[in-house]
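# Examining the three-dimensional arrangement
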Amino acid sequence: MNDRERTRTISIPGAQEPRREANMDGLATQVITDKSNLKVASLKVVDGPGKGQERPVFSGTNQVGRSADNRIPLDFGDNTISRQQHAVIAYDASNGEFRIFDGGKQNPVQVNGERLSGDRQLSDGDTIKIGLTTLRFALM
């Protein structure tokens, strides 16, 4: 496995640290505090490859990338999106807050036209640009 295919561990403020013996590439480890399949929001492609397609956002931690093993797979032909964890969208059910984190990939993530550095809160109607694809974030 080369460096571009490895899963990178991120630190989410307020989240429990995974156990040291856990498989860091496993989805169960990446979805640290909430394994729910409850759909709480959606991402709709408004520009770029896959225009018109929609993907659910689940409660907990959502990895966004081109590969089908991401919780939010953007698998419609935009090769400028990284296969694994280009971004992460986290929903904290305790306070109803959504946050987006840049996965540190070569193509930066933009929210509402501004380059994302670190993380920020997401609100209903925000646009997210990853690669050549623009998504609109919508609450359920």
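For the structure itself, consult the block above.
None of the values given here were measured: they were computed from a predicted structure.

### Describing the environment of G104
- Following the sequence through the fold, G104 ends up in the loop between β6 (97-102) and β7 (109-111).
- Distance from G104 to H86, taken between C-alpha atoms, is 7.0 Å for residues 18 residues apart in sequence.

### A look at the environment of A138
- Secondary-structure assignment places A138 in strand β11 (residues 133-139).
- Linking A138 and L122, residues 16 residues apart in sequence, is a C-alpha distance of 9.6 Å.
- In this structure A138 touches A41, S42 and D124, once residues within four positions along its chain are discounted.

### Observations regarding the nonpolar core
- If you look at the biggest cluster of nonpolar residues, it comprises 23 residues, and the most contacted ones within it are I89, F98, I128 and I130.
- Mapped by element, the contributors of at least two residues to this core are β1 (39-47), β5 (87-92), β6, β7, β10 (127-130) and β11.
- Top element by residues in this core is β1. It accounts for four residues.
- Sequence-distant contacts of F98, that is, excluding residues within four places in its chain, are made with V40, A41, V57, I89, A90, Y91, R120, Q121, L122, F137 and L139.

### As for the sheet that holds strand β9 (residues 119-122)
- What the five strands build is an open sheet, ordered β4-β3-β5-β6-β9; its pairing is mixed. Both outer strands of the open sheet, β4 (72-73) and β9, are each paired with one neighbouring strand and no more.
- Two strands pair when backbone bridges link them, and β6 and β9 are joined in this way by four bridges, in the antiparallel orientation. Each residue of the ladder has a partner; that of F101, found in β9, is D119.

About the criteria used
- Residues numbered from 1 in each chain as written.
- Predicted model: local features only at pLDDT ≥ 70, side-chain atom pairs only at ≥ 80, totals over all residues.
- Heavy atoms only, no water.
- Helix = DSSP H or I, 4+ residues; strand = E, 2+ residues; numbered from the N terminus.
- Contact = heavy atoms within 4.5 Å.
- Core = buried A, V, L, I, M, F, W, Y, C linked by side-chain atoms within 4.5 Å.
- Buried < 20%, exposed > 50% of the residue type's maximum accessible area, 1.4 Å probe, protein only.
- Pairing = 2+ DSSP bridges.

Honestly, it's all geometry; don't read function into it.
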